[in-house]
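One letter stands for each residue in the lines below.
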Amino acid sequence: MSEEHKLDAKFSDDRRRKMQDRVSKLLEEAPFLCGGGGDVRLTVVARDGFKVSMEVQKCVLADKSRFFAEKLRCDSGLSHTVEISDCDDVEVYVEAVVLMHCEDLKRRLRLMGEGVSKVLSLLKVSAAIMFDLGVVSCLEYLEAIPWTEDEQEEVISQLGHLQLDDSATEVLLRVSSDPSTAVRADDIFMNLMSGVLQAKDEKARREMKGLLSRLLKENASNDSSRLDVSKDTLYHLCHRCISSLVLCLSEATSSEERPDRGVLMSEITREADNIQWIVDILIGKKMGDEFVKIWAEQKELATLHSKVPIIYRHEISRITAQLCIGIGRGHILVPKEIRFSLLSTWLEALYEDFGWMRRASRAVDKKLVEDGLSQTILTLPLLQQQAVLLNWFDRFLNKGDDCPNIQKAFEIWWRRAFIRQYSAEPDNSQLQITLLDYPK
């Protein structure tokens, strides 16, 4: 015998020995052993041949279990012997029989302090032997105790498999709701998002942003999810944040002296961060196309942006970078006119803020922004590529690392324009189609 087989055999022997010890302890404490035993010999046999025999009371079995009532009714002899074969878990069957002899099942289950898996096993056996009071007691116990998420899946699976119908409804109320009375997921999401956008505690706000983002991503990957957050809700929040940002910038750039100027500048950063968060959700849900047009049309906002100190405004340019990354990865699909409009409105601001973005925020991936911007530029018509990239060339020479390094895009444009020139001449060759008749 190999070492592996020896280890398997040893593990199996240890497991059986432990189960025998548990069964022996159960039988020692069994109520039916008090007062001289019973009048039915019940034997439970496992699939591996392990068996347990008990002397139990016929009246209890017949009264508590419709399965045993039928078995014992058919047996007309004075001595009764019942055998249950091919059991998955002998210990659970013995436990169920012990429960049948208990006066207070609920108290017994509580004293046992069993976990969800064990109670589900008892429920399965109780249902199999038609021990109705055992089924009800197990369901009540499951309804009262907490479950882990893994246990939750186990409960749902087992109850669905047992098909207990209405008797399991109370247990499953914590994981199900009546569609007619449930609050729309969109309304809940709207309230949660609004709460985060307006939160006063910055640390809590960041935590809840992360939580909602994680749950939405989890929802997107789950085909059976019932959550459907509407595009209208997300865009309503976007417009609200943009309006608030314009207002903050207008107040910050006014000539009037304000004692709360520092608070106002913080609000600018916060509103820009709010927009970034919503845009990230939109892109993740493949709903970001419309926002590119909205952002490209923010001429007033772009003008105000240039008048605010860079330390506060650079978060606004991160929105533009975010959109370029989405376009460059193919996650946002918009016409070339909108792509060019986006760059016309916001590229200058992105150039101005790039150095500060790179230094001030660890969340900004320089290469990711540069790649996204390069790909966005290279989707434009060739003459527009030329205008954008020649402008970049001059700026990069003067700014260096404070300007995005998109020389790979410049190289590709150069090769397209001067080396591998594409000629849009019409193809005069014609496709030849010949029709042949085949004899029938």
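Refer to the preceding data block for the structure.
Residues numbered from 1 in each chain as written. Predicted model: local features only at pLDDT ≥ 70, side-chain atom pairs only at ≥ 80, totals over all residues. Heavy atoms only, no water.

**Student:** What am I meant to see in the side chain of E315 here?
**Tutor:** Mapped onto the fold, E315 is located in helix α16 (residues 310-328). Those residues in contact with E315 that sit more than four places away from it in its chain are T269, A272 and Q276. (Helix = DSSP H or I, 4+ residues; strand = E, 2+ residues; numbered from the N terminus. Contact = heavy atoms within 4.5 Å.)

**Student:** What am I meant to see in a nonpolar patch on the surface here?
**Tutor:** A cluster of nonpolar residues, W414, F418 and I419, forms a patch on the protein surface that exposes about 340 Å² of accessible area. Structurally, I419 is set in helix α20 (residues 407-419). Accessibility expressed as a relative area gives 57% for I419, which makes it exposed. (Patch = residues over 30% accessible without salt bridge, like charges linked within 9 Å, V, L, I, M, F, W, Y side chains within 5 Å. Areas by Shrake-Rupley, 256 points an atom, 1.4 Å probe, with all protein chains shown as cover. Salt bridge = Lys/Arg side-chain N within 4 Å of Asp/Glu carboxyl O. Buried < 20%, exposed > 50% of the residue type's maximum accessible area, 1.4 Å probe, protein only.)

**Student:** It is not clear to me how a negative patch on the surface should be interpreted in this structure. Could you clarify?
**Tutor:** There is a patch of like negative charges on the surface, built from E149, D150, E153 and E218. The element that contributes the greatest number of residues to the negative patch is helix α8 (residues 149-162), accounting for three residues. Relative to the helices and strands, E218 is located in helix α11 (residues 202-220). (Lys, Arg positive; Asp, Glu negative; His and termini not counted. Charge placed at Lys NZ, Arg CZ, Asp CG, Glu CD.)

**Student:** Explain the state of the cysteines here, please?
**Tutor:** Note on terminology: a disulfide is the covalent bond linking the sulfur atoms of two cysteines. The final tally for this structure, using the stated rule, is zero disulfides. Unpaired in terms of disulfides, C241 finds its nearest cysteine sulfur in C238, a separation of 6.8 Å. (Disulfide = S-S within 2.5 Å.)

**Student:** Hey, could you run me through the packing of helix α4 (residues 90-100) against helix α5 (residues 105-112) in this one?
**Tutor:** Here α4 crosses α5 at 140 degrees, and the two axes come no closer than 10 Å. In terms of their interaxial angle, α4 and α5 are classed as oblique. Every residue of α5 that contacts α4 at E95, V98 and L99 is listed here: L105, R108, L109 and M112. Partitioning the contact of α4 with α5 into residue classes produces five nonpolar, no polar and two charged. (Axes fitted to C-alpha atoms, helices over the stretch in contact; angles between N-to-C directions. Parallel < 35°, antiparallel > 145°, perpendicular 65-115°, else oblique. Nonpolar A, V, L, I, M, F, W, Y, C, P; charged D, E, K, R; others polar.)

**Student:** Whenever I open this one, the packing of helix α14 (residues 289-296) against α16 confuses me. Can you help?
**Tutor:** Helix-helix packing is described using two parameters, namely the angle between the two axes and the distance between the axes. Running from amino to carboxyl end, α14 crosses α16 at an angle of 140 degrees, the nearest separation of the two axes being 11 Å. As summarised for this structure, α14 and α16 are arranged oblique, according to the angle between their axes. Considering the relative orientation of α14 and α16, their crossing is left-handed. In this structure, α14 contributes F291, V292 and W295 to the contact, and α16 contributes I316, I319, T320, L323 and I327. (Left-handed = near helix turned anticlockwise from the far one by under 90°.)

**Student:** It is not clear to me how the nonpolar core should be interpreted in this structure. Could you clarify?
**Tutor:** Within the largest apolar cluster, 73 residues are counted, with the highest numbers of intra-cluster contacts made by F291 and W295. If near-sequence neighbours (up to four positions away) are discounted, F291 is found in contact with Y235, C238, I242, I275, V279, L282, I319 and L323. F68, L72, M100 and M112 belong to the second-largest nonpolar core, a separate cluster that totals 53 residues. (Core = buried A, V, L, I, M, F, W, Y, C linked by side-chain atoms within 4.5 Å.)

**Student:** Got a minute to help me understand the sheet that holds strand β2 (residues 51-56) in this structure?
**Tutor:** Strands sit in the order β2-β1-β3 across an open sheet of three strands; the sheet is mixed. Of all strands in the sheet, those bounded by a partner on one side alone are β2 and β3 (80-87). The sheet shows a mean angle of 15 degrees between the axes of neighbouring strands, taken without regard to direction. Sheet topology note: the strand β1 (residues 40-46)/β2 ladder contains six bridges and is antiparallel. Residue T43 lies in a different strand from β2, and its bridge partner there is S53. (Pairing = 2+ DSSP bridges.)

**Student:** Whenever I open this one, the side chain of N274 confuses me. Can you help?
**Tutor:** Tracing the sequence through the fold places N274 in helix α13 (residues 261-284). Within the local environment of N274, its side chain forms a polar contact with the backbone oxygen of L197, the two atoms lying 3.3 Å apart. Beyond its immediate stretch of four places on either side in the chain, N274 contacts L197, R205 and C241. (Polar contact = N/O pair within 3.5 Å; in protein donor to acceptor, adjacent residues only side chain to side chain.)

**Student:** Where do I start with the pattern of salt bridges in this structure?
**Tutor:** Between side chains of opposite charge, a pair can form as their charged atoms come close. Here the structure, examined in full by the defined rule, presents 24 salt bridges. When the shortest N-O distance is used, the salt bridge between D88 and K124 registers 3.7 Å. One end of the pair, D88, is in the loop between β3 and α4; the other, K124, is in helix α6 (residues 116-128), and 36 residues separate them in sequence. Its relative accessible area of 37% is what places K124 among the partly exposed residues. Notably, a salt bridge pairs E207 with K203, separated by 2.7 Å at the nearest N-O pair. One end of the pair, E207, and the other, K203, are both in helix α11, four residues apart, so they sit about a helical turn from each other. A residue is classified by how much of its surface remains accessible, and E207, at 43% relative accessible area, is partly exposed. Through salt bridges with shared partners, a single ionic network connects E202, R205, K209, R270 and D273.

In short, the description is geometric, and any link to function would need to be established separately.
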